[in-house]
Every structure is written in structure tokens, then in C-alpha cells.
2 protein chains.
Amino acid sequence: MVDLAHRGAVADTPGPATDELEAEVTADTAPVQASVDVAALGRRLLGSWADVRTRGRALAADPALHPVAGLSLDEQRERVLGQLHYLVEHGQVNRAFPVALGGHNDHGGNIAAFEELVAADPSLQIKSGVQWGLFGAAVLHLGTERHHRELLPDIMSLAIPGAFAMTEIGHGSDVASCATTATYDPETGEFDLHTPFRGAWKEYLGNAGKHGRAATVFAQLITGGVNHGVHCFYVPIRDENLDFLPGIGGEDDGLKGGLNGIDNGRLHFTHVRVPRENLLNRYGDVAPDGSYSSPIDSPGRRFFTMLGTLVQGRVSLDGAAAAVSAMGLAIAVTYGNQRRQFTAGSDDEVVLLDYQRHQRRIIPRLATAYAMNFAHDEFLVKFDAVFSGAADSDEDRQDLETLAAALKPLSTWAALDILQECREACGGAGFMAENRLVGLRADLDVYVTFEGDNNVLLQLVAKRLLSDFSAKFRHADAGALARYVARQTATRAYHGTGLRTLAQTVRDFGSTARSVQTLRDAGVQRELLTDRVETMITELAQRLRPAAKLPKAEAAALFNSQQNSLIEAARAHGELLQWEAFTRALDTIDDPGTHAVLTWLRDIFALGLIESHLEWYLIHSRLSPSRALAVGAYLERLITRVRPHAQDLVDAFGYDAAHLRATIATGVEAERQDEAREYYRAQREAGGAPIAEKSRAPKKR
Amino acid sequence: MVDLAHRGAVADTPGPATDELEAEVTADTAPVQASVDVAALGRRLLGSWADVRTRGRALAADPALHPVAGLSLDEQRERVLGQLHYLVEHGQVNRAFPVALGGHNDHGGNIAAFEELVAADPSLQIKSGVQWGLFGAAVLHLGTERHHRELLPDIMSLAIPGAFAMTEIGHGSDVASCATTATYDPETGEFDLHTPFRGAWKEYLGNAGKHGRAATVFAQLITGGVNHGVHCFYVPIRDENLDFLPGIGGEDDGLKGGLNGIDNGRLHFTHVRVPRENLLNRYGDVAPDGSYSSPIDSPGRRFFTMLGTLVQGRVSLDGAAAAVSAMGLAIAVTYGNQRRQFTAGSDDEVVLLDYQRHQRRIIPRLATAYAMNFAHDEFLVKFDAVFSGAADSDEDRQDLETLAAALKPLSTWAALDILQECREACGGAGFMAENRLVGLRADLDVYVTFEGDNNVLLQLVAKRLLSDFSAKFRHADAGALARYVARQTATRAYHGTGLRTLAQTVRDFGSTARSVQTLRDAGVQRELLTDRVETMITELAQRLRPAAKLPKAEAAALFNSQQNSLIEAARAHGELLQWEAFTRALDTIDDPGTHAVLTWLRDIFALGLIESHLEWYLIHSRLSPSRALAVGAYLERLITRVRPHAQDLVDAFGYDAAHLRATIATGVEAERQDEAREYYRAQREAGGAPIAEKSRAPKKR
């Protein structure tokens, strides 16, 4: 499809001519003066719940909600608990709860506000999330009206801090296999909650280490000798003196890699009896006589429906990851625009962000942060539609799950990558706690494995993609698949926006600059990214096809042999979703100068993705070697174009000094550099500078 | 050179046939039973100073040298200071110092022992390094006999803890531009040390925050109105009550991202007077009348010679990074071999390390850790040869510098990558401080930017490669370059071990399996890795050629436009060095079973490198698309082969429970899993297990 000319050695493979690239970028953008309207872009970045976010961000600037350096573990935890009470006092925690109980039934706004707390302190965000987004949400979404009435007020007011006891030490991601049992006893009308062995201890639970007085406990519901699968139970765990109730035991997780404002801990149950009514019975109930009933017949679908109501954890982690990435970049870009090191042909030293490598490290990550922000807002809109009931069909819920499983891994990994690169880009200063980057990274670290391990989530995405694919080919043979692929390709060529266009351009014009230009076409970018997902899934479907006919163990082995490819395909899908969100967002940018800069940034995002998978595009003949070489060169050029706008782009995120709280982002570095330059300038003018030995003595070697 | 056949869409690009790969690996290895002699391999991994390391590692197992959880910042610092005294009392700190002063003049052994301390606590390693490897080494290597006699005894005994005051807040990597001045006053026979502005404060100095009583201060030596460049001065900073002496000021750096057992801090000098004799005058001296003399005429060479004597910091960071990587992998592999999650066609759940993705995450990193270990030992031998005087020509010293600048960045970055992947591979357990991974990663974080920022070091490597290259072509034109490249290629083909062979194989046999086999040929691997470095440097030299004729600023701009490529070329060089060390190490493995496993591991390292740069090999026509596709498939296969030996391979590193001190690596997880499996087995046998609802009810959807 694409011409793969024979290419010789070194001298035959230069990059595209610099002048041509230059001319092309300039010509392309000459009519518009690229410049960022920071205020307008800032409003756009606040997204669909801008007012809520603005208020939430103002709250996050409140020093009462900030961590204090040097506190002991106990003091940190008490401070964050106090901050939760402060949120209650300021009416910040009720948005998602029923109107009848003083809430607003506003699910999207609730998450938006909650995400803003990460700018105050990730421990505060997550401990709030445990209390109201997990413990409270389990009662809200898995319980029924009587639970709401009886339990939610104390949860909302923090009278009862609680733990969300789902994960077991032996079953992190595999919730369906959790081993805690809840056996109904019709004699007493009680459930008997029991931990059968050490691996079934509930583990890593926020609020369980110290503050929790109750827990929503996930356990296998057994009644009449039948296991109806995992259900959730409301279980008091500590008395008012915070001593464990009879039958409850546990341990404190102690120090962690981050989030040390939260008292994570372990819980176990030795035949703990709770009344039948403590079953959160929205999706499954047990009558006094022990008979089980559920509005959902399929145990599998029931399980996923129950878990699906708790998707908001993933939504909010995605948003928090986007927010913290923006904060990290704001710190590093500000410092990189002020810190000088080494001279380059003049008296003045060069600011870090003028170095090509520094730009390469920072600016593509800035593009990723924008993509994450825009994708997150769409994700939140989808979440709100499902939870408000505006669009909550089974398919909507499945789409939301898949979106969560695709975006949360990408954004949380990206946040760690961004924070680490920012920390390194700030050198030793980046390692100082006072500059925040190390602390934020430490806190965000666990985001990649909690609320669904990233690798496990991506497998869910891949399975969904495969099942969508196989739905089209339920009874198809390999021939049908091949015809499908051929047809897809033909269709693309016909529409004239796809790969054929790309190849044609090379052949027809023979100009590197012209053909590179094609890569800036959004249709071509979409085609390249989409094609990769589709092809990967098609290949996987072909390889996995024999599984249906194999014995269970062999089928599992075949599936395992493709696990890595499955995860890579899911990641490609997530990247496409981010790209699409970024591209749709461009249509909402009215200011032409801002639009020009953001289009470059979107192109950087797209070309960065293509560059990171370049070997795939080459192996699959989607890009010719010369085109592939142009990707990197063109990326460099776009980065240079965006560089003057880097400060505006991070300023538009809207985090001010009260959020960043990083000494190096306060302007102190510019003051130091200005003082140094002034010192040397005055010395030169006064003529009192010592002469350098090397400029005095004749050089010898 | 390599056939790039036109390749169609999906269906036309399958991976190499699994059966062929399988047959080939099996055939290849059938004569030898692959198995690891853990004890013998363990001895080999201890390297050239095995006895020293064995004793050092025994010492590192001593609880007196371990950190204690939950200490305040002050308590952590006092504990580590106490541990330094403990090292003194146990005679552990004198190896590098002169025999006359009770030392052993054993430079390699000193570093080997010092590196082992990282297994006790990275803070202990680094604070020891500050005291004896930087502060003490500056006096040793930059001072002369009178300094040794007068100053070293108190440094060796820790009577005078000291700081190494090189870095300034405004000049991290650019030491030559540091702004602190030391102006000689012939009237009094003193140097006047002065900090002219805020950016010249000495920063991030271990021992400066609290414990340091003196410092070796780097400052511009000015005498008679001439600046002779950076020299080092011994400067008392605090009295016996730890109060600053007159003219000295400073601040405590406070909390950092890690290494919080060390009291880093800032220092500044307000016309502090020190006697003329406090100049560490080995490479430059000032007579009482103010006249300057040096055994090295060129100020540039003098500067680099002085800095070169301090290369041991980089040596020891490289070794520590290798050690901590091994520890992290020992924890994650042990856990991955015990922790079970999800079933795959049987009653038992699968251990994590049996999942393809988990193997893909862990085993290539295990190969990297081995490469780092072997490369480090060669590095240390080279270091010892230079510092013992056995081979210390200018060229030897330059080679050592280049080796340090190439290996330290690769190993310190790899350590962070390995520790992070290990932490994620252990899920929530990985985030608990009790399992060590987060703490080790936090401590190692700064290794990538201190003792030379990794990106800056790699630029030094690239410049050395370029100058070696241009030395061959000092007066050559582009034509000569092209002929060189052509000749190189021809030579390779002639020798029959190179790329030509690779291409021939494809053409001659047309068999994927057979051609893939070629990639396991060490000569082919060397050729592919070497060719990439040479080609990148040749391309860079061509692009930078015009710089010689350009005005200074334009030349700087041209250089900057290639900065990213320079760094990538240097990284490729470092990877080649690691591969070569790994390959040489194979020759020292006598046991055939161990040799077979380590050869697979070396191949995984090589193929992993090639895979990570696959787009380069494709663009430069060094690999055909079908060959490129085979790289990943073959890597998967080799990983599967090594997987059963993973535990042996981490056990051979020789870190035991007293070093790892990670709860999850103690066998506790295996106990939990066994208990759980026994519970379910007993339940099945007793017939008392509840029936699953889904196996009872007819399925509905």
C-alpha cells in the first residue's frame, strides 16, 4: 500500500530538509498570529463543570486543607481527618447524595469538585474518596432507601468514618474470588461474616487503620447452601472509643510510599453477626426465611452491575491524574523558563527550556496533559449521563466501564511519567520536598494499581474490543475476516482521507515537506491511530480463534500467550480516545491564535503517539521509512513552535501559587538569575573583573 | 542491503511460526540441561572484589546499620550519623586512604565495600560517600601530603564531619561557572572566600544541614587580578557546638524525596578568610607573594583533571544502582512466584509470574540487572587500574571518565525503572513501606541527577565519541566520510559476521526460524548494536560539520538542534558497553547449565535493546519488516525459557532476608496461599462447600 523503496546505508537516509519543513510550517500558519488567550483557554480547561471547579479550586487554596511538613504519621492522619470535618462544615461533601438528605444528586459536579481537592493534598482527595466516594457510595448505590435514610446522614456528616472493605490480601484485582463469607442464619435472621484464612483479610483499606467505625464489606453471600456471589454488607467495626467490636480484628498498614495522611489498614472477621437488614440489598436480597432474590438473574451480570456502580473511583483518579500532571508541568515549565545553565555563544547563560533536550522532555508531556484534560471532561460527561439517568442503558454503562478502564491506566501512568520527568528536569531542586514534585509523585504512585490495577483494566478493555469485533463475525471464518480487512482498506481509499492518500502524496509529489504535511491532517492522524487499533484487534481475534475449540487449560494458555498484545491493543485504543477528545476540543476554541497553538500541540500528541509505535507502522507498511524518519524531525519542529507558548499553556491550567506551593515556581529563580547577571554586568562595566587565565596565557596542550 | 519486500495488510504479516521458533530453541539447547548453579553464579556476581563484598554484605545485614521506621527527620539523621561512627569503630572506612595513615590504598576494594552499604540503607551509603568519598577524597586527591597528614585523620575518624561544597544553586552541572570566589590577599597570606549573590550559595550538600564542621569548597581562585579557575579549599564551617563560624551562613534543605537520613543543606560565605595553606594545592598553588603555579598548563585540562579525581562518586552510584535493582527484582520475583490470582482452567489460581505480561515486565529487567552487574565490575576494575596507578595515562583517565558518564546514567535510570515496575508488579503490597520497594525507589531517585545529571553526562559521552570520530577525519570532506561508511560496511560483509550475513540468511534459506536464529549469534548482536552507534555518530558528525565555520551563536544553535540525537547516540554507546560486558562475562561461566540460562538472558538483553530501537533498524534498513517482527516473538520465547530459572537468577544475587527486609519476600505469601488452597481443598473433599448459584441456576442473559 505504501511504497517501501530500497534504502541504502547512512548517507542515503538523511532527515527531511530542514528548510522545507520550516517553510511549510511557516506557510501553514502565517495567516494567524499564534498566541494563547490564557484566560479563555483557562475557562475552557475547566470543562463542563467550570463553576464547581472554580469554587473547588478556591477551596483547595485554603491553607487549612494543606499538609504541613514534618508531621509524624499520626499527626498527618489526624490533620487529614480534621480536614474532612472542615469539608463537612463547609458543605462540600453532599453533592452526590439524595436531595431528600440534603444532597444535590449531582454526580458529575460531585466528582469535579472532589478532583479539585487533589490540588490541596492527594491524601485529602483519597481519604474523602474513601469516606464519601466508596464507603458512602456503596451505601448509596448498593443499598436501598432504608439504608439511605438510616446510614447516609452519619456518613455524610462524618459521624461515622468508614472503610470500603473490598480488596483482600489474596485477591486484589479478582474481587469475584474474594474469600470472606457472609452466611445467612434464618434462626436468628443474621448474617455471619467470617474470614476463613489469612489470605482473606481485607487489606489496604483507607480508614481501617484507625478512624473507621464501620465498613462496607464485600463477601460471598451464602444462604441455603448456595453461594450467590459477592454482595456488600454494612458492618460496624469500632466503638466510640475506636476499639474493635467483638469478632473484628485488624492491623495498621503503617507507612506507605505516599498518601500517608490516610490510615490504611487490614480487617478480619471472626463469625461477626450482623442483622439481615445490613445487606445492601439493591441488587440482591435475602428474605427472613433465607430465600434469595435479585432483580438481575445472571450472577455474572449482577456482579458487574454492582461493581459498575462504583466506577466513580476510576473517574476521579483519571481527573486527579490530569490535574496533578498539569501542576507538575506548571512547576517545571516555570522553573525551566527561569533557570539558566551554560552559555551558548553569548555572555548570558541559556534558560533550560531553550535546550532542545529539555523541550523534548517537557513539551510532548504537556501535549499529553492537555489530551488527558480534554478526554477526562468527556469521560465525566458520560459518567454524569449514566448516573443521572439521562443515558443509562446497559450499553451506556458498559461503554462507561470501558472508557474508565481505558483512560484511568493511561492517565495515571502518564502522571507518574510526567511528574518524574518534571522532577528530573528541575535537577536537585526537583528532589527537595519544598518543590512538591517528589511528594506528588509519591502520592500518585498507588493510583496505577488501586481502583483496578492498570494492567488488569487494560485487559478488560481488550476483551471488550474483541467481543465487539467477534460480534461482527460470530459465525465467520478466516475468509470473512480477510474480506473484512480488505473491505475496510478499500473503503478508506475510497473516502480519500486514509492511508491511500498518504501513499499517493509521496508518489505524486515526491516532496518530503509536502508529504510530511499530510501527517498534520487530522483525518490522516485518525486513520493511522484507528488502523492500528483495528489491526491489532483483528490479529488478536485471528490468533485467539482456536481457543473456542480447545480444552479449558489449553485455551487459557493460548489466551495467556497473547496477554501482552491484548494490553498493547487496549493501550492503543485509549490513546485513540485521548486523541479524539483533544481533536474535538479544538473545535471549541474560538480564538484563532489559541487554536493555532493548540492544533500544534494536538499534532505533537498525535506524532508523539505515532513515533512511539513507529516500528509497528513500519512493519505493517503503514509508513515508508522516509516518512517514518520525517515523523521525528517534524515533531522537533512543532515542539520548537510551541516552546514560546509553554508558559501560557501551563498558566492556562489555572493553578496559582496557593496550589503549586513550590518554591521554585514562585519566581525566586528568576530573581536569583537576574541578580547574578546584574552582578556580572556591573563587574564588566566597572572593568574590575579578574582576567581569565586562559584568555591571558597562550594555550598549550 | 536487506530485502524490504512489499508487505500488504494484516493477513500478510503474521509473526514467525511458533512451532518453528519452538523447534529451534529446543534444538539449540537440547544438549545441555539448562539449570542455574546458584552458589557458583553467586560467587561470579560478587565480581573482582568478592571477599570484600562478602564481608561488606555481612556488615550490611547488621541491624545496627538499618533504618528504623517512623523516626522523625532529626532522628533519622542522628541514627545515620551514629551508623557512620559504627563504621569507623569497625574499621570499615579506611581502605582508600594512605597506608601511612592506617589506610590500605585500595581504591577498587574501597568502592566495592562502600557499594554494599546500600543494602543496609541508601542514606548510609550516601552519607558515608559524602564524608569519605567526596569530602575526604577531595582532601586526598586534590590536597598534598601536608593536607593528608593534618586533615585526613580527623576525616577518617569522623571527628570532623564535612561537606563537599561544589554545586551551587545556580550552577548544578556547570561547575566551571560556579560563582564563589577565593581571592588571595598577599598582605595577610589568606584567601578571602565569598559568595557574591544568592545563586552562588552552595546547595544540596550532605552534612551541611547540620553535622558538618568543615567543607571542601570549590571556588574561582583569583590572585593578582587573574582568575585561575575552579580550585578546592578546605574551610572550617562550624565550631564544636555546631554553630556556624563567623562569615558562614546556611540553611537546612529539610525534607527530600528520599535519603532523609542525610542532612543536606546550603552554605554561603561572606568574606571568610582561610590561610593560604587551605588551598588543596595538588594541581594548582599560590605562593606567599600571590604568584600562581600549576603542573598542568592548560586551565581546561587542569579543571578536568581535578574533577576527574572525583569520578569515584559515579562509580559507586553505578554499583549501588545495580545492587538495588537486584534487590528489587529479588523481592518482586519471590512474590511473583508465590502470589496467585485468577484461575486458568483449573481449581488452582495462577502465580503471577506465570502470566505472560508479568514475565514481560520482570524478566527483561532481570536481564538488564545482570548486564548492569557485569558492566559495573569491569568499570570498577578500570577505576582501580587508574587510581592504583597501574594504568593511569591521560587516555586511561579519559576512558574512565567516558565509561562513568555512559554507565552511571543507564544504570541509575534502569534502577528507577526496575524498582517502579517491581513495585507495580507487587500491586498494593508494593506500595507498603514494609515491602521496601517504594523506599528504595525514593532514595535512588536523586541518583539520576546528582554526581552529574544523567542527560549532561550523556552529552559528554557523545562529545567524546564525536571527537574520536573527527580525529579520524580531521581534514576529511563529506566524500571521505561516505567512503568510510561504505568501507565499514564492506569490511563487515567480508568478515562474514555482520549485516550482510543477516541479509544473506534471509535470502538463502527463506526460513524465518533459521533467520531468527541469526539474531542469537553474538557476532550479529554486536554488529547490530555497534552499527547503530557508529551510524548515529557519523550522521551527527555530518550534521554538525558546518558548526566549525559558523559564528559562535549559530554554531551553538546548530549543536542544540542535535542535542537530543547526541544523547540518544550516547545511550546507544552505553547499551553496547553493557552488552559487551555481559557477553564477556558468559565466557567466565563454567557450568554448562548456568551458561545456557545466562546466554538466553544475554540474548533477551540484546533483543530487548534491538526491540526498543526497532524503528531505527527498520528505517536504516538494517532489519527487514519480517525480521523485525520476529524480534518480539523470539523475545517472548526466550522469556518463557528463562522464566523457570527466574528465582534462581535473583537468588544468585545473594541478598538474603536481612538485606531485603521485605515482608512479601519472606515466604509469608506462599504460606497464605497454601493455607487458602488447603482450605478449599478440604472443603471440596468434605463436600460441604456451598454450591455456586451459576452452576445451579440455568443461565439467562
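Thresholds, definitions, all that
Residues numbered from 1 in each chain as written. Chains lettered and ligands numbered in written order. Predicted model: local features only at pLDDT ≥ 70, side-chain atom pairs only at ≥ 80, totals over all residues. Heavy atoms only, no water. UniProt positions renumbered as here; feature names shortened; annotations may be inferred. Helix = DSSP H or I, 4+ residues; strand = E, 2+ residues; numbered from the N terminus. Buried < 20%, exposed > 50% of the residue type's maximum accessible area, 1.4 Å probe, protein only. Contact = heavy atoms within 4.5 Å. Areas by Shrake-Rupley, 256 points an atom, 1.4 Å probe, with all protein chains shown as cover. Buried area = accessible area lost by both parts, 1.4 Å probe. Salt bridge = Lys/Arg side-chain N within 4 Å of Asp/Glu carboxyl O. Polar contact = N/O pair within 3.5 Å; in protein donor to acceptor, adjacent residues only side chain to side chain. Nonpolar A, V, L, I, M, F, W, Y, C, P; charged D, E, K, R; others polar. Pairing = 2+ DSSP bridges. Least-squares fit on C-alpha atoms with pLDDT ≥ 70 in both. Axes fitted to C-alpha atoms, helices over the stretch in contact; angles between N-to-C directions. Parallel < 35°, antiparallel > 145°, perpendicular 65-115°, else oblique. Left-handed = near helix turned anticlockwise from the far one by under 90°. Phe/Tyr/Trp six-rings, centres within 6.5 Å; stacked < 30°, edge-to-face > 60°. Lys NZ or Arg CZ within 6 Å of the ring centre and 35° of its normal. Core = buried A, V, L, I, M, F, W, Y, C linked by side-chain atoms within 4.5 Å. pLDDT = per-residue confidence, 0-100. Domains from an automatic or database assignment.

Chain A goes by acyl-CoA oxidase in an unreviewed UniProt entry, where it is assigned to Galbitalea soli. Note on chain A: under the UniProt heading Subcellular location (unreviewed entry), the record states "Peroxisome".

*Asks:* Tell me what's going on with the overall build of chain A, and back it up with residues and numbers.
*Replies:* Along the backbone of chain A there are 27 helices and 14 strands. Among the 701 residues that make up chain A, the fraction classed as buried is 60%. In chain A, the proportion of contacts linking residues at least 24 apart, taken out of those at least 6 apart, comes to 75%. Counting only carbon and sulfur atoms, one obtains 53% of the accessible surface of chain A, whose full area is about 25,000 Å².

*Asks:* Describe the interface of chain B and chain A, and please don't skip the residues or the numbers.
*Replies:* Counting residues at the interface gives 116 residues for chain B and 117 residues for chain A. Counting the surface lost from both chain B and chain A, the interface buries some 9,800 Å², and carbon and sulfur atoms represent 55% of this. Linking chain B to chain A there are eight salt bridges. Measuring nitrogen to oxygen at the nearest pair gives 3.3 Å for the salt bridge that ties B:Glu434 to A:Arg266. For the pair chain B and chain A, the number of links is 56 residue pairs in polar contact (both at pLDDT 80 or more). Here the residues of the side of chain B that touches chain A sort into 45 nonpolar, 35 polar and 36 charged. Where strand β6 (residues 226-236) of chain A and strand β14 (residues 691-692) of chain B come together, two bridges link them in parallel fashion. Across the sheet, A:Val226 pairs through a bridge with B:Ile691, a residue of β14(B).

*Asks:* I'd like to hear about the pattern of salt bridges, residue by residue, with values.
*Replies:* Per the stated rule, a full pass over the model turns up 85 salt bridges over all chains. Here A:Glu636 makes a salt bridge to A:Arg360, at a shortest N to O gap of 3.2 Å. Note that A:Glu636 is positioned in helix α23 (residues 625-642) and A:Arg360 in helix α10 (residues 356-388), a separation of 276 residues in sequence. Judged on exposure class, the residue A:Glu636 and its partner A:Arg360 are both buried. Salt bridges sharing common partners tie together A:Glu203, A:Glu251, A:Asp253, A:Arg266 and B:Glu434.

*Asks:* Explain the side chain of A:Thr181 residue by residue, including any values.
*Replies:* With respect to the helices, strands and loops of the structure, A:Thr181 is situated in strand β2 (residues 181-185). For A:Thr181, the residues in contact, after removing those within four places along its chain, are A:Asp192, A:Leu193, A:His194, A:Ala219, A:Gln220 and A:Ile222.

*Asks:* Any chance you could break down the pairing of strand β9 (residues 272-275) of chain B for me, citing the residues and the numbers?
*Replies:* Residues and elements named next belong to chain B. Here β9 shows a buried face lined by Val272 and Val274 and an unburied face lined by Arg273 and Pro275. Where strand β3 (residues 190-194) meets β9, four bridges bridge the pair, whose relative direction is antiparallel. Each bridged residue has a counterpart across the sheet, and for Leu193 the counterpart in β9 is Val272.

*Asks:* Explain the relation of the copies chain B and chain A to me, using residue names and the numbers behind them.
*Replies:* By a simple turn and slide, chain B fits onto chain A: the slide is 0.0 Å along the axis, the RMSD is 0.0 Å, and the turn is 180°. When the rotation and shift are considered jointly, the pair of chain copies conforms to a two-fold rotation axis. Minimal C-alpha distance to the rotation axis in chain B is attained by B:Glu615, lying at 2.2 Å. Taken as a fraction of all interface residues of chain B, those also at the interface in chain A reach 100%, which identifies the copy contact as same-surface.

*Asks:* So what about the sheet that holds strand β4 (residues 202-205) of chain B? Which residues, and what values?
*Replies:* Residue and element names in this part refer to chain B. Read across the sheet, three strands follow the order β4-β8-β7 without closing on themselves; strand pairing throughout is antiparallel. The sheet is open, and its two edges are formed by β4 and β7 (248-252), each paired on a single side. Within this sheet the neighbouring strands show an average axis-to-axis angle of 20°, counted without direction. Sheet topology note: the β7/strand β8 (residues 265-269) ladder contains five bridges and is antiparallel. Of the residues in β8, the one forming a bridge with Gly249 is His268.

*Asks:* An account of the UniProt feature "domain: Acyl-CoA oxidase C-terminal" (unreviewed entry) in chain A is needed here, citing residue identities and associated values.
*Replies:* In this numbering, the UniProt entry assigns the feature "domain: Acyl-CoA oxidase C-terminal" (unreviewed entry) to residues 529-665 of chain A. What you have in residues 529-665 of chain A is 77% helix and 0% strand, and the ends, taken at the C-alpha atoms, are 36 Å apart.

*Asks:* Help me get a handle on the packing of helix α9 (residues 312-336) of chain B against helix α11 (residues 394-425) of chain B, residues and values and all.
*Replies:* All names here are of chain B. Across the interface, α9 lies against α11 with an axial gap of 8 Å and an inter-helix angle of 25°. Taken together, the axes of α9 and α11 lie roughly parallel to each other. Judged by the sense of rotation from one axis to the other, the crossing of α9 with α11 is left-handed. Residue-level contacts link Arg314, Leu317, Asp318, Ala321, Val324, Ser325, Gly328, Leu329 and Ala332 of α9 to Glu401, Ala404, Leu407, Lys408, Ser411, Thr412, Ala415, Ile418, Leu419 and Cys422 of α11. Partitioned by chemical class, the residues of the contact of α9 with α11 number eleven nonpolar, four polar and four charged.

*Asks:* Please set out the packing of helix α9 (residues 312-336) of chain A against α10(A) residue by residue, giving values where relevant.
*Replies:* All names here are of chain A. Close contact between α9 and α10 brings their axes to 9 Å; oriented N to C, the two are set at 150°. Taken together, α9 and α10 sit at an angle that is classed as roughly antiparallel. Seen from above, α9 lies across α10 with left-handed handedness. The residues of α10 that touch α9, namely those facing Gln312, Arg314, Val315, Asp318, Gly319, Ala321, Ala322, Ser325, Leu329, Ala332, Val333 and Gly336, are His358, Ile362, Arg365, Leu366, Ala369, Met372, Asn373, His376, Phe379, Leu380 and Phe383. Of the residues assigned to the contact of α9 with α10, the class counts are 13 nonpolar, seven polar and three charged.

*Asks:* Quick one: what's the story with the UniProt feature "domain: Acyl-CoA oxidase C-alpha1" (unreviewed entry) in chain A, residue by residue and with numbers?
*Replies:* Following the UniProt record, one finds the feature "domain: Acyl-CoA oxidase C-alpha1" (unreviewed entry) at residues 308-466 of chain A. With 74% helix and 4% strand, residues 308-466 of chain A has its two end C-alpha atoms placed 20 Å apart.

*Asks:* Quick rundown of the packing of aromatic side chains? Include the residues and the values.
*Replies:* Following the criterion strictly, the structure yields 32 aromatic pairs over all chains and no others. Each ring, one from A:Phe374 and one from A:Phe582, has its centre 5.4 Å from the other, and the planes form 50°; the classification is tilted. Of this pair, A:Phe374 sits in helix α10 while A:Phe582 sits in helix α20 (residues 563-586), and the two are 208 residues apart along the sequence. Both residues of the pair, A:Phe374 and A:Phe582, belong to the buried class. Counting every residue linked through ring pairs, the aromatic cluster contains A:Tyr370, A:Phe374, A:Phe582, A:Phe605 and A:Phe653. Above the plane of the ring of B:Trp201 lies B:Arg198, whose end atom (NZ or CZ) is 3.7 Å from the centre. Lying over the aromatic face of B:Phe387, B:Arg397 brings its terminal NZ or CZ to 5.6 Å of the ring centre.

*Asks:* How would you summarise the nonpolar core if you had to cite specific residues and measurements?
*Replies:* Of all hydrophobic cores here, the largest spans 372 residues; its most connected members are A:Tyr370, A:Leu649, B:Tyr370 and B:Leu649. Every residue in contact with A:Tyr370, bar those within four places of it in the chain, is listed here: A:Leu41, A:Leu45, A:Phe582, A:Leu598, A:Leu601, A:Leu649, A:Ala652 and A:Phe653.

*Asks:* Could you give me a rundown of the confidence of the model for chain A, with the residues and numbers involved?
*Replies:* All names here are of chain A. Averaged over all residues, the pLDDT of chain A equals 89, while 88% of them reach at least 70. Counting interchain partners and residues more than four positions distant, the pLDDT-below-50 stretch residues 1-27 has 67 contacts. Note on residues 488-514: pLDDT under 50 across the span, and 43 contacts to partners over four residues away in sequence or across chains.

*Asks:* Can you explain the sheet that holds strand β8 (residues 265-269) of chain A? Please cite residues and give values.
*Replies:* All names here are of chain A. Spatially, the three strands line up as an open sheet ordered β4-β8-β7, and their pairing is antiparallel. Both edges of this open sheet fall to β4 (202-205) and β7 (248-252), since each of them pairs with a single strand only. The sheet shows a mean angle of 20° between the axes of neighbouring strands, taken without regard to direction. Across two bridges, the pairing between β4 and β8 is antiparallel. Residue pairing for β8: Lys202 is matched across the bridge by Leu267.

*Asks:* Provide a residue-level description of the domain arrangement of chain A, including the pertinent values.
*Replies:* All names here are of chain A. Per the domain assignment, the segments making up chain A are domain 1 (1-7 + 21-42 + 476-654), domain 2 (44-156) and domain 3 (163-299). Taking only C-alpha atoms, the centre of domain 2 and the centre of domain 3 are 23 Å apart. Each partner contributes to the roughly 2,300 Å² buried at the junction of domain 2 and domain 3, and carbon and sulfur atoms together form 62% of this total. Interface area lost by domain 2 to domain 3 is led by Arg77, Phe135 and Leu142, which between them contribute 29%.

*Asks:* So what's going on with the side chain of A:Asn260? Which residues, and what values?
*Replies:* All names here are of chain A. As for its position among the elements, Asn260 is in the loop between β7 and β8. Residue classification places Asn260 among the buried residues on the basis of a relative accessible area of 12%. Aside from chain neighbours lying at most four places away, what touches Asn260 is Leu73, Gln76, Arg77, Ser123, Gly254 and Leu255.

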